[in-house]
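Inside the fold
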Amino acid sequence: MWYKLLVRKKSWPVGGRGDKTDCGAPNPPCKPKVLEMKSTIKLPQNLLGVSSCLTVGLMLTPFASALAQDNQMTLEEVIVTAQKREQTLEDVPAAVSIIAGEQVREYLNGAQDIRALAARVPGLNIETSNGRTQPRFYLRGMGNIDFDVNANQPVAMMFDDISLENNTLRSLPLFDIERVEVLRGPQGSLFGRNTNAGVVKIDTVRPDQDRNGYFTVSYGSRETLIGEGATNFSFSDTLTARISLKYQDRGEWIDNVSNGPGDDFGGFEEFAWRAQLLWEPSDSFRGHLKLHGFDQSGSDPNVFYANAIALGTSGVRPEFDEKIASHDDGSVATLDLDHIGGALNLQWSFGNGMTFTSITGYDTLENFQSADVDGGEISFNPADIGMLGKQVFFGVATGDGLDDLEQFTQEFRLAGETDSLFYQVGFYYFDEDFDLLNQDFLNPPASALVTQQTDSMALFGQVEKTLSDAWSLTLGGRWTDDEKDLTVGPAFPGGTVTPDSISVSDDFFNWDVAVNFHATDDTSYYGRIATGSRGPVTLGRFGFVSSAETEDTLSTEIGFKSNLMDGRARWNSAVYMFKNDDQQLTATGGAANVNQLLNADQVNGWGVETEFDVLVTENLRLMANLSYNDTEIDDPDLRDDLCGSAPTCTGLDPVVGMRLGPFGPVTEVSIDGNPLPRTPQWIFNFILEYSYPLSSGGLYFNTDWNYRDESNLFLHESIEFVQDARWLGGLRAGYRTDSGMDIAIVGRNITDEIVVEGGINFLNLTAFVNEPAWWGLEFTARF
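For clarity, every value in this text was computed on a predicted model and none was experimentally measured.

Our next topic: the overall build of the protein. Helix and strand counts for the protein stand at three helices and 45 strands. With 783 residues in all, the protein has 62% of them scored as buried. Within the protein, contacts between residues at least 6 apart in sequence are counted, and of these 69% link residues at least 24 apart. Element-wise, carbon and sulfur atoms account for 59% of the exposed surface of the protein, whose accessible area totals about 27800 Å².

This part covers the pairing of strand β37 (residues 682-694). Side-chain positions along a regular strand alternate between the two faces of the sheet. Alignment of strand β33 (residues 620-634) against β37, held across nine bridges, turns out to be antiparallel. Counted as the bridge partner of leucine 622 is leucine 688 from β37. Pairing between β37 and strand β38 (residues 697-708): twelve bridges, direction antiparallel. If you follow asparagine 685 over to β38, its bridge partner there is asparagine 706.

Looking now at the pattern of salt bridges. Under the criterion given, the structure shown has 46 salt bridges. The closest approach of N and O atoms between aspartate 704 and arginine 120, which form a salt bridge, is 3.0 Å. Of the two residues, aspartate 704 is situated in strand β38 and arginine 120 in the loop between α2 (101-107) and β4 (124-127); the sequence distance between them amounts to 584 residues. Exposure remark for aspartate 704: the relative accessible area of 3% places this residue in the buried category. On the accessibility criterion, arginine 120 (7% relative accessible area) is buried. Here arginine 732 ties to aspartate 742 by a salt bridge, and the two come within 4.0 Å at their closest N and O atoms. Here arginine 732, found in strand β41 (residues 726-737), pairs with aspartate 742, found in strand β42 (residues 741-748); they are ten residues apart in sequence, far enough to count as distant. Grouping residues by exposure puts arginine 732 and aspartate 742 together as buried. Among the ionic contacts, a cluster of salt bridges with common partners joins Glu102, Arg105, Arg732, Arg736, Asp742, Glu778 and Arg782.

It is worth spelling out the nonpolar core at this point. Grouped together as the largest cluster of nonpolar side chains are 58 residues, with contacts concentrated most on Leu117, Leu174, Val180, Ile202 and Ile633. Ranked by residue count, the leading element in this core is strand β31 (residues 569-588), at four residues. Among the nonpolar cores identified, the runner-up in size contains 22 residues, and Tyr305, Leu713, Phe714 and Val769 belong to it.

All chains considered together, the criterion is met by one disulfide. Each sulfur of the disulfide joining cysteine 643 and cysteine 649 lies 1.9 Å from the other. Looking along the S-S bond of the cysteine 643-cysteine 649 disulfide, the torsion reads about 90°, which is the right-handed sense. For the pair cysteine 643 and cysteine 649, a shared accessibility class is recorded, and that class is buried.

Right, let's get into the sheet that holds strand β7 (residues 162-163). Read across the open sheet, the five strands follow the order β3-β8-β9-β6-β7; overall the sheet is mixed. Edge positions in the open sheet fall to β3 (95-100) and β7, since each of these has one partner strand only. Bridge count for strand β6 (residues 155-159) against strand β9 (residues 198-204) is five bridges, and the pairing is parallel. The partner of valine 155 across the bridge, within β9, is glycine 198.

Averaged over every residue, the pLDDT of the protein is 88; residues scoring 70 or more account for 89%. Confidence drops under pLDDT 50 across residues 1-70; counting only partners more than four residues distant or on other chains, this segment forms 181 contacts.

Attention shifts here to the packing of aromatic side chains. When we look at a pair of aromatic rings, we describe it by the centre distance and by the angle of the planes. In the structure shown here, the tally under the stated rule is 15 aromatic pairs. A network of ring pairs unites the aromatic residues Trp279, Phe285, Trp348, Phe356 and Phe412 as a single cluster. Above the ring of tyrosine 107, the side-chain terminus of arginine 120 is found at 4.1 Å from the ring centroid. Against the face of phenylalanine 430 rests arginine 193, its NZ or CZ located 5.1 Å from the ring centre.

Spatial strand order, β14-β13-β17: three strands in an open sheet with mixed pairing. Each edge of the open sheet carries a strand with a single partner, namely β14 (263-265) and β17 (324-325).

A cluster of nonpolar residues, Phe215, Val217, Tyr219, Leu225, Met741, Ile743, Ile745, Trp775, Leu777, Phe779 and Phe783, forms a patch on the protein surface that exposes about 1000 Å² of accessible area. Of all elements in the fold, only β10 (214-220), β42 and β45 (774-782) reach the threshold of two or more residues within the nonpolar patch. In this fold, tryptophan 775 is placed in strand β45.

The subject of this paragraph is unusual backbone geometry. Here glutamate 223, not a glycine, exhibits a phi torsion of approximately 50°, which is positive. One can find glutamate 223 in the loop between β10 and β11 (224-234).

To continue, consider a negative patch on the surface. The grouping of Glu269, Asp295, Asp336, Asp338, Glu366, Asp403, Asp404 and Glu406 at the surface amounts to a negative patch. Broken down by secondary-structure element, the contributors of at least two residues to the negative patch are β18 (334-349) and β22 (397-417). Examining the composition of the negative patch, we find that three residues originate from one element, β22, more than from any other. Take glutamate 269: it is sitting in strand β15 (residues 268-282).

What follows concerns the environment of aspartate 566. Topologically, aspartate 566 is positioned in the loop between β30 (551-564) and β31. By relative accessible area, which is 58% here, aspartate 566 ends up exposed. Between the C-alpha atom of aspartate 566 and that of leucine 75, which follows or precedes it by 491 residues, the distance is 9.6 Å.

On to the pairing of strand β16 (residues 285-298), then. Sheet topology places β15 next to β16; 13 bridges connect them, and they run antiparallel. For tryptophan 279, the partnering residue across the bridge sits in β16 and is glycine 287. Count of turn residues in the β15/β16 antiparallel hairpin: two residues. As paired elements, β16 and β18 share 14 bridges and run antiparallel to each other. Following the sheet pairing, aspartate 295 is matched in β18 by aspartate 338.

Attention now goes to the environment of alanine 272. Position of alanine 272 relative to the elements: it lies in strand β15. Using a relative accessible area of 1% as the deciding quantity, one classes alanine 272 as buried. On a C-alpha basis, the gap between alanine 272 and histidine 339 in space is 9.2 Å, while along the polypeptide they are 67 residues apart. In this structure, alanine 272 is in contact with Pro173, Phe175, Ser244, Leu245, Lys246, Gly293 and Phe294, ignoring residues within four places of it in sequence.

Tracing the backbone through its elements, the reader meets leucine 311 in the loop between β16 and β17. Measuring from C-alpha to C-alpha, the distance between leucine 311 and methionine 387 comes to 9.8 Å, with 76 residues separating the pair along the chain. For leucine 311, the residues in contact, after removing those within four places along its chain, are Thr648, Cys649, Thr650, Glu720 and Leu765.

Each value, and the rule that gives it
- Residues numbered from 1 in each chain as written.
- Predicted model: local features only at pLDDT ≥ 70, side-chain atom pairs only at ≥ 80, totals over all residues.
- Heavy atoms only, no water.
- Helix = DSSP H or I, 4+ residues; strand = E, 2+ residues; numbered from the N terminus.
- Buried < 20%, exposed > 50% of the residue type's maximum accessible area, 1.4 Å probe, protein only.
- Contact = heavy atoms within 4.5 Å.
- Areas by Shrake-Rupley, 256 points an atom, 1.4 Å probe, with all protein chains shown as cover.
- Pairing = 2+ DSSP bridges.
- Salt bridge = Lys/Arg side-chain N within 4 Å of Asp/Glu carboxyl O.
- Core = buried A, V, L, I, M, F, W, Y, C linked by side-chain atoms within 4.5 Å.
- Disulfide = S-S within 2.5 Å.
- pLDDT = per-residue confidence, 0-100.
- Phe/Tyr/Trp six-rings, centres within 6.5 Å; stacked < 30°, edge-to-face > 60°.
- Lys NZ or Arg CZ within 6 Å of the ring centre and 35° of its normal.
- Patch = residues over 30% accessible without salt bridge, like charges linked within 9 Å, V, L, I, M, F, W, Y side chains within 5 Å.
- Lys, Arg positive; Asp, Glu negative; His and termini not counted.
- Charge placed at Lys NZ, Arg CZ, Asp CG, Glu CD.

Here's what the structure looks like:
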């Protein structure tokens with residue numbers, strides 16, 4: 001039943017996933033924890049709905065407490081690997097949120113991609129300007145709006161203990177997921193470079209001796225067909241395997257009116273697979289081999305809509321219809337991706353309590369995607385300036401292609417413990433190289449070939465000292481050496497791109513100090529000071545070469561974690577502040593379809609996060625989380641280009657100069673004091689799960705509602721270029737039998753809310769939007 005969730009417990013060795021105890025070895029036995037607190041949060045007027053939901057939750061708390069006296073059902077203990085070992089959530093002195101595998105599957109209904117996890121936990125935003133590929137992660141306001149595939153991100157994505165650095169590698173669909181852990185705040189000591197905002201850690205279901213199989217198929221709006229399944233195979237007491245598959249297909253549903261009637265865009269076909277082999281010949285050795293692949297094709301990576309925003313307003317104009325586009329260069333639109341990878345995890349346990357772990361990862365990818373970026377029909381009539389679907393004077397149709405991207409990672413780790421001390425030390429190596437084609441279809445000589453090579457190595461360690469029954473102290477540190485080389489030149493003979501090259505390198509040390517205090521059996525408080533770094537970065541889009549220095553983050557955080565009402569409720573909260581020196585920022589567009597790297601002297605931020613989970617009754621569960629985040633750029637000399645061509649947007653920043661761009665004069669504005677882009681102040685998530693038992697199964701009803709506040713799309717602020725505030729709702733209602741059969745009606749974005757998700761600021765008021773409502777029927781069999 002759903003209330004038995006949150007995570008399946010696994011038995012893994014220390015340093016990988018350790019021997020199973022109440023907390024997961026090598027930790028001491030777990031201590032459940034409680035906290036009785038009253039808190040009032042004042043919310044802005046546009047969050048009255050959020051306030052109402054929280055009020056309902058608080059009103060239900062005494063009711064659930066009374067029920068707890070008669071029913072001993074509790075929330076299952078949450079086990080995480082946020083510190084590269086199994087621990088209870090309460091024993092980790094940092095802000096960690098969990099999205100259970102079943103919740104991930106619900107969010108992905110309707111062929112959603114990883115962006116469906118945006119705003120599902122405090123402080124998390126995910127977006128992309130490349131459709132279903134190259135997701136960009138933001139935590140506590142820190143991210144990177146750069147759409148180039150070689151951009152550095154301050155949020156790492158760990159997929160089965162392997163860091164997938166390039167955004168294109170992160171396009172993998174999610175299926176057969178055990179859990180997603182979101183680690184907020186710098187994670188530099190254990191996870192290394194480019195984790196100064198945090199880590200999104202994804203763990204898939206591993207092989208075991210039980211069958212643990214399922215098959216699901218669904219069909220719904222826009223001719224969307226989804227099939228997914230997984231099962232274990234046991235060859236002996238020591239050798240097991242697991243096969244997982246996912247197929248998704250969607251028909252074209254957007255009509256490009258420029259080429260006559262008929263749907264042209266929006267369709268895709270995806271197939272992903274994963275094969276795992278687990279060998280446990282003895283108590284002292286474990287080997288896990290994983291291979292995975294992903295093939296994706298489609299008609300358009302992202303559909304742009306010219307002048308979807310009206311001058312002087314925000315959001316899509318009233319007459320906008322997401323099912324209609326007007327692309328005179330729509331024939332170039334394509335999406336193709338092929339990704340193959342694997343990982344080998346070897347773990348040796350020694351009799352003295354020590355464990356040695358080796359984790360090797362290799363991924364290779366080829367990808368090409370192109371689009372009519374201006375999003376409209378070319379016109380030479382000045383009267384068409386600002387008209388929906390029209391692009392005046394010149395067009396832009398470009399594509400980007402990765403050729404033989406290869407990523408290799410190797411980690412060695414030694415871990416052990418004594419009665420009052422846990423320690424781990426390790427070595428990490430990262431190597432990546434690729435060729436990137438920037439293709440200009442309307443001006444082929446301007447196409448560029450970019451080659452980049454990255455090498456990084458690190459030494460790291462962590463110690464946790466138990467000071468008393470209540471107090472523990474954690475210290476961590478990591479030294480990293482980073483090198484990056486980039487060259488650019490013409491992509492084709494006779495090209496006009498001037499050859500250029502740039503090399504950057506740096507070495508840096510990150511550290512963290514944390515104190516954990518178990519005040520009672522059910523309550524813990526923690527404090528943490530940590531640093532993190534985003535290594536130096538280079539860009540060379542269409543021959544425009546730029547670089548940025550290492551970005552350094554210092555973060556301070558305090559929080560509490562508690563179990564309430566005899567284990568039927570859980571409440572965790574944190575308050576944090578951070579300071580970034582030399583923050584890497586990307587000035588996108590403005591003068592042309594290029595990106596420029598900048599370093600801001602300083603960026604400051606602070607925020608509050610809270611999560612609440614309660615079993616109201618045996619059949620009713622409520623989950624809610626809320627976060628507030630405030631960021632500010634502190635650099636009086638930092639400038640950005642305002643919108644580059646007619647109609648220019650309505651800027652809100654002080655004008656500090658003018659310069660000549662490739663298509664005419666460009667206005668420069670000061671961005672000192674602005675918030676970081678794509679940084680909503682308020683994020684709220686609410687989930688209700690209800691079941692009604694019957695003789696041989698039961699009915700159930702689940703609904704989730706997700707709010708994300710508005711934020712500016714670019715470094716500069718304007719009236720028009722705003723990522724809209726939005727409420728997205730999901731629903732699942734069905735019947736589940738005791739034998740594992742499940743049939744349900746599912747819906748995503750059930751209110752059909754269409755909002756601006758991103759824009760192009762060097763051409764008119766072009767925007768792209770979220771997906772419309774999706775409804776479908778799903779059948780699942782578990783065995």
